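Working through the structure, step by step
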Amino acid sequence: MARPEGARPGQPERPEVLQFGSSRQRRWRRPRWLAPVVMLLIAAGVAVVVVVTAAPEKKHSAAHGPVTVTSVGHPLLGVRAGWELFGLGSGEVVRIQLAAGRITRTTVPPLQSTGPVTFLTGPHQVIIRPLDFVPGYLIPDGQPAQALRAALSHGGTVLPGPRPGQVWVQDVSRQHPLMSLVGQDGSKLAAAIPIPASGRWPVISDGRGYLLIHRAGRVYDARPAARHLITSGAVAAVGPTRWLTVACRRRHHCLDVVIDSVTGARRVLAGPQLSTIAPAGAISPDGSTAALFRVRAGGQTTVHLLSLASGTDHAIPVHLDQESFDLGAVAWSPDSQWLFVVTADGRIAAVSARTGRVRGLGVALPPVSQLAVR
């Protein structure tokens, strides 16, 4: 079981605040600490609804208006449930209602940075928040994009909160760094989590609406009132019900450990030891499978499905963009049947979790760079 961390003696050091961006667009280079920053952001989604066009197979361009809709006249991937897939493209957001066979495209203003972007869906809106200190946007259902306000109007990391419509935002206005809980309208809520000052960004999502904090070679699950030790090793994958960690008792002797994030129960995973663990992968909602990233010697990035029951590793024949594969490039369906992956050319590949078979969605879509599921 996880145990609370004790208080550290002495006075805290003054934190260093990392500044990004400018008022004009610039070319961004990914720092070393970024890989674990933005992982799979599995959060509640948003519905963007407008009048459906009459011609089922007619293609519409988002350039024709702020919001356009295309109906293909049949379900996609045979999905009957009401969950939806969202993609962030260049200058637009794509909402894919698989059961309804409906595609909604909403234009967004050009982002003033080529750096990382947080893409989160909420109950009635979508958030697009660049890490740089440049404008971000909120897209209400069926309406044009609006500039983010209040606590969401500045740059910094944004992570999913514990309830739909809530997010954690990096608070740079204080002497000691915090992640503050805010609504998706930017209003601050009465909750905050202290984070350590570090040259390497130490915080990622825990998959359940709170934070995993790296500190002094250990990883803690942090909430406003408590912080619990997860592992003295590294986190390999995160999901809403499980964490996959690599714990090393001594050099070259490590164990892959699956942790129940609710009860804290642990078990060693059979099979070959995990190798590279950057960035952290995404565990399916039912806790059965981890989607992991593997970087080959030539720099090519691939996706692997790892069974958290048997330890069986299955390589998926999908290649990711080497520069952006860790920025929301994968998303699980809520029923854990499908893993969606953004390929190197911006297409959406649907991977069957049961067979590993890869297929397209069967509908024309613009290139995207990030995914989210509602």
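Predicted model, so just to flag it, every value in this text is computed and none were measured.

The subject of this paragraph is the nonpolar core. Counting residues in each nonpolar core, the largest one holds 35 residues, and the members touching the most others are Leu85, Ile96, Leu98, Leu339 and Phe340. Put simply, the parts of the chain that give this core at least two residues each are strand 3 (92–97), strand 22 (289–295), strand 23 (301–307), strand 24 (313–320), strand 25 (330–332), strand 26 (338–342), strand 27 (348–352) and strand 29 (368–373). Residue contributions to this core peak at five residues, all from strand 26. Apart from the residues within four sequence positions on either side, Leu339 is in contact with Ala291, Val303, Leu305, Val330, Ala331, Trp332, Ala349, Ala350 and Val351. Of all hydrophobic cores here, the second largest spans 13 residues; its members include Cys254, Leu274, Leu292 and Leu306.

Phi is positive for Ala150, close to 50°, though the residue is something other than glycine. Mapping Ala150 onto the fold places it in the loop between strand 8 (146–147) and strand 9 (158–160). At Ser336, a residue that is not glycine, the phi angle is positive and equals roughly 65°. Within the secondary structure, Ser336 is located in the loop between strand 25 and strand 26.

Going through the model one piece at a time under the given rule, you end up with two aromatic pairs. Ring geometry for Trp168 against Tyr210: centres 6.2 Å apart, planes inclined by 50°, an arrangement best described as tilted. Pair noted here: Trp168 is in strand 10 (residues 166–171) and Tyr210 is in the loop between strand 13 (203–205) and strand 14 (211–215), with a separation of 42 residues, a long-range link. Of the residues examined, Trp168 reaches a relative accessible area of 0% and is grouped as buried.

Strand order in the open sheet formed by four strands is 13-14-15-16, with antiparallel pairing between adjacent strands. Strand pairing shows two members of the sheet lacking a second neighbour, strand 13 and strand 16 (226–231), which therefore form its edges. Here the average twist between neighbouring strands, direction ignored, is 30°. Sheet topology note: the strand 15 (residues 218–223)/strand 16 ladder contains five bridges and is antiparallel. Paired with Ala222 across the two strands is Arg227, which belongs to strand 16.

All right, on to the pairing of strand 26 then. The element strand 26 is extensively covered by neighbouring structure, given that five of its five residues are classed as buried. Here strand 26 shows a buried face lined by Trp338, Phe340 and Val342 and a second buried face lined by Leu339 and Val341. The pairing of strand 25 with strand 26 spans three bridges and is classified as antiparallel. Each residue of the ladder has a partner; that of Val330, found in strand 26, is Val341.

What counts, and at which threshold
Residues numbered from 1 in each chain as written. Predicted model: local features only at pLDDT ≥ 70, side-chain atom pairs only at ≥ 80, totals over all residues. Heavy atoms only, no water. Core = buried A, V, L, I, M, F, W, Y, C linked by side-chain atoms within 4.5 Å. Buried < 20%, exposed > 50% of the residue type's maximum accessible area, 1.4 Å probe, protein only. Helix = DSSP H or I, 4+ residues; strand = E, 2+ residues; numbered from the N terminus. Contact = heavy atoms within 4.5 Å. Phe/Tyr/Trp six-rings, centres within 6.5 Å; stacked < 30°, edge-to-face > 60°. Pairing = 2+ DSSP bridges. Axes fitted to C-alpha atoms, helices over the stretch in contact; angles between N-to-C directions.

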